[in-house]
Structures are given as C-alpha cells and as structure tokens.
Amino acid sequence: MTKQQKSLVEQGRNMMGKYGGFSFGGQQPSGVNPYRQMAVCTTFPNGAKSAILLTFDVEGCYSNGVGDEAKEVANYKRICEKIQRCGITATFCVVGQMAEDYGPEFVNRMLDSGCEVASHGYWHDLDRAFDEDKIYAGQYGPEVNAEQVKRGVEAIEKIKSGTVNGFRLPYGYFNEFSYQAIEEVGLKWTSHVGIDDFVVPGQGYGPMPFRMQLGAKIYDMVEIPMDSQTYDWSVLVADEKANTTFVDAARAYCESRGIEFNRTPAGAVRIWKQRISDAIEQQSIFTFLCHPINLVTESEKWDDAVEEFLFPVIEYLGQLYQQDKIWVCTCNELADFYKTEMKSENTNVQ
Ligand SMILES: [Zn+2]
C-alpha cells in the first residue's frame with residue numbers, strides 16, 4: 001500500500017506530544033477544551049444573527065489531491081472574480097510551497113479581490129520533506145512544527161508583508177507543538193476542529209469560535225471550527241468503499257435534515273444551502289471548507305464543478321448578505337469580532 005492509499009484516520013496519532021489529533025471521520029483530538037466559546041444569538045456587524053465563512057484550502061497536488069493542478073490554478077481567477085462580483089469575501093489557506101512555486105501573481109489575485117490569505121502549512125505532507133513513515137504535525141515535535149509554521153507564513157509574507165493572520169494545518173491535524181509555534185509567530189486565529197460529527201453524533205465542537213485550550217494551556221488565538229463532514233471532498237470525491245466513514249457522515253447529515261443525498265454538484269449545493277438555513281435558524285456561525293483541487297477532478301457527474309457547485313453557493317451567499325440575513329466574513333474579521341465581543345461582554349473575566 002502506498003502512502004496515498006493509507007487511510008487518513010488510521011495512522012498513528014500523538015506520536016509526539018500529548019494533545020491534538022484529527023477532528024473528522026469519527027476521530028476526536030485529545031485534550032481540547034473550548035475556552036470562552038462565543039454564544040449563539042450574537043448580533044453581527046450588519047445586524048444579522050448568523051455569520052457564514054467560506055474558506056478554501058489551496059493545495060494543488062502538494063497533498064493527496066488528484067485533480068488537474070494547472071486547471072485549479074487557472075480557476076482562482078474566475079473564483080476570485082465571482083466572489084468579488086457577488087460582494088462577499090472568503091479566506092484562502094495556501095500551502096507555502098505552492099505560493100513559492102506559483103509566485104506573487106497567484107497570491108495577489110486572492111488579495112486583490114478583497115479576500116484573506118492565510119497559511120495551510122509550508123509542506124502539505126510533512127513526510128515528503130522529513131520522514132516517509134510519518135505524515136501529520138502530531139507525529140513531529142517542536143522543531144519540525146516550528147519550521148512548518150514559520151516557513152508557511154514566510155512564503156506568503158514575502159509576497160506581501162502583513163498578510164497572514166491565521167493558520168490551518170494540513171488535514172487539520174495539530175498537537176501542542178504546532179499551537180506553540182503558531183502562538184510564537186503571533187497569529188490571531190486557527191481553524192482545525194470540526195463543528196459536528198455525524199459518525200459519532202455529539203462529538204463536534206459546535207459552530208462558534210473559542211480560544212483553544214490544550215491540557216492546562218490556553219492559547220491566545222481564536223479557534224474557528226469548520227465543517228469537516230459535508231465539505232466538497234466527502235460529498236463529491238471520496239471513494240464510497242475506501243472512505244466509507246466520510247461518505248456516511250455526509251449521508252447521515254442529509255438524513256437528519258430530510259434531504260436527498262446526491263453526490264452531484266446539484267446535490268452538494270443543496271447540502272450547503274441546508275447548512276446555511278440551519279445556521280440562520282440557529283442564529284449561529286457556519287464555516288465552509290472547499291478544496292478547489294477537488295473541483296477539477298474528472299467525473300461523469302459534472303462538466304465543470306466550479307460552475308455547477310461553487311458558483312451557485314457564492315451567488316446565494318451574496319444574495320443573503322445583501323439582504324443582511326447573514327454576515328459573510330473572513331476568518332480574520334471573525335477573530336477580530338470575537339475579541340471585541342468577548343471583551344465587551346464580560347470585562348471581569350480574563
Ligand atoms: Zn489540505
């Protein structure tokens with residue numbers, strides 16, 4: 001079995017450090033305590049009671065993605081134009097090596113459209129640089145994690161300084177050494193844990209941001225939980241047999257909401273729109289995750305998944321935002337909002 005074929009959820013965890021891990025596919029990281037989690041029913045800056053974040057992991061084939069990287073890179077132009085035309089913003093978490101290889105024009109395209117660019121690590125798969133028997137941040141100690149974080153941030157900062165405020169580690173796999181490194185470079189937010197878990201119901205962390213507590217240590221960064229269940233890969237791309245748990249989770253979500261589970265762009269749009277309605281109804285936040293490399297995989301189910309899946313979602317977010325039914329923001333904006341809100345809400349508590 002090659003590394004790419006190994007299950008993402010079965011490899012050794014916490015080989016280094018005591019805390020962390022995956023927050024998807026029925027897995028739960030160890031030692032996580034949400035510290036000062038924001039309450040639902042918050043009023044956001046435009047008066048809306050719900051906030052929706054659109055986040056992208058920009059990773060080409062630096063990960064286990066199998067789409068056409070050249071097409072993915074070309075697509076960012078029209079994705080960014082669409083986002084801008086619809087009057088919303090998004091957060092792009094970019095792999096450092098990819099930022100270096102494709103250069104300033106690639107990253108500036110995202111920044112020029114008013115979006116946020118954050119880091120998705122310098123190496124997507126650490127094994128390609130360090131140890132072919134290991135993959136995740138949780139399998140390395142302080143030194144490798146520090147390098148992953150520092151170089152990941154620098155790759156983008158040298159294109160435009162003052163850009164990076166947040167970090168999402170590859171596969172969302174973290175340990176205390178990765179958090180230590182993120183804190184040391186002075187970032188404001190992280191986004192690693194899952195909102196909900198339909199494999200093990202009740203296991204998620206909820207949609208609202210908090211400060212990460214790992215064991216006894218409370219970090220300063222704002223943790224923004226994301227959708228690790230009904231994201232693009234588990235709905236559209238995951239193999240029904242090899243990745244059963246992921247597909248089952250997306251199916252279980254649909255069953256819980258009484259909607260049809262169709263692994264097509266139209267089916268994915270329906271799931272994402274349902275997630276938005278849930279958030280509006282619950283007066284909460286919801287953070288979407290999309291990997292544009294997955295939208296350029298070959299499939300008989302679509303001609304162009306960017307047009308058929310992503311664009312209808314962006315248009316819908318634009319409409320709801322215009323009507324002030326939701327606040328669409330970047331992770332950085334939400335982190336700032338959290339800090340202000342939590343300060344004014346309870347000045348006596350640290
Ligand atoms: Zn990734």
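First things first, this report covers the structure right here in the doc. (Residues numbered from 1 in each chain as written. Predicted model: local features only at pLDDT ≥ 70, side-chain atom pairs only at ≥ 80, totals over all residues. Heavy atoms only, no water.)

Assigned secondary structure in the protein consists of nine helices and ten strands. Over its C-alpha atoms the protein spans a radius of gyration of 19 Å, differing by no more than 12% from the 20 Å that the globule rule assigns to 350 residues. C-alpha extents for the protein along the principal axes are approximately 55 × 45 × 40 Å. In the protein, which comprises 350 residues, the share counted as buried stands at 60%. (Helix = DSSP H or I, 4+ residues; strand = E, 2+ residues; numbered from the N terminus. Rg over C-alpha atoms; globule rule 2.2 N^0.38 Å. Buried < 20%, exposed > 50% of the residue type's maximum accessible area, 1.4 Å probe, protein only.)

With that out of the way, let us pick up helix H4 (residues 176–184). Those residues of H4 lying buried are Glu-176, Phe-177, Ser-178, Tyr-179, Ala-181 and Ile-182. Residues of H4 that are buried sit in contact with helix H3 (142–157), strand E5 (166–167), strand E6 (189–190), strand E7 (210–214) and strand E8 (217–223). By the N-cap criterion, in which a side-chain oxygen at the helix start approaches the backbone nitrogen of a residue two or three places on, H4 is capped by Asn-175, the distance to Phe-177 being 3.0 Å. Looking one or two residues beyond H4, the residue adopting positive phi is Gly-186, at roughly 75°. (Contact = heavy atoms within 4.5 Å. Polar contact = N/O pair within 3.5 Å; in protein donor to acceptor, adjacent residues only side chain to side chain.)

Turning our attention to the pairing of strand E3 (residues 91–94). Here E3 shows a buried face lined by Thr-91 and Cys-93 and a second buried face lined by Phe-92 and Val-94. In the sheet, strand E2 (residues 51–58) pairs with E3 via four bridges, with the strands oriented parallel. Paired with Asp-57 across the two strands is Cys-93, which belongs to E3. Crossover connection from E2 via helix H1 (residues 69–85) to parallel E3: handedness right-handed. (Pairing = 2+ DSSP bridges. Right-handed = clockwise from strand over helix to strand, strands pointing away.)

It is worth spelling out the pattern of salt bridges at this point. Pairing is possible between side chains that carry opposite charge, provided their charged atoms lie close to one another. Per the stated rule, a full pass over the model turns up 21 salt bridges. As a salt-bridge pair, Glu-240 and Arg-263 come within 3.0 Å of each other at their nearest N and O atoms. Here Glu-240, found in the loop between helix H5 (232–237) and helix H6 (244–257), pairs with Arg-263, found in the loop between H6 and helix H7 (265–282); they are 23 residues apart in sequence, far enough to count as distant. Classification of Glu-240 by relative accessible area gives partly exposed; the value is 37%. A relative accessible area of 13% means that Arg-263 is categorised as buried. A salt bridge links Asp-278 to Arg-257, with the shortest nitrogen-to-oxygen separation between them at 2.8 Å. On the criterion of sequence distance, the pair formed by Asp-278 in helix H7 and Arg-257 in helix H6 is long-range, its members being 21 residues apart. Exposure remark for Asp-278: the relative accessible area of 7% places this residue in the buried category. (Salt bridge = Lys/Arg side-chain N within 4 Å of Asp/Glu carboxyl O.)

With that settled, consider the side chain of Glu-116. For Glu-116, the location among the structural elements is in strand E4 (residues 116–119). Despite its burial, Glu-116 remains without a salt bridge, the nearest opposite charge being carried by Lys-188 at 7.3 Å. Within the structure, Glu-116 has its side chain in polar contact with the side chain of Thr-91 (distance 3.4 Å). A polar contact is formed between the side chain of Glu-116 and the backbone nitrogen of Asn-332, at a distance of 2.7 Å. (Lys, Arg positive; Asp, Glu negative; His and termini not counted.)

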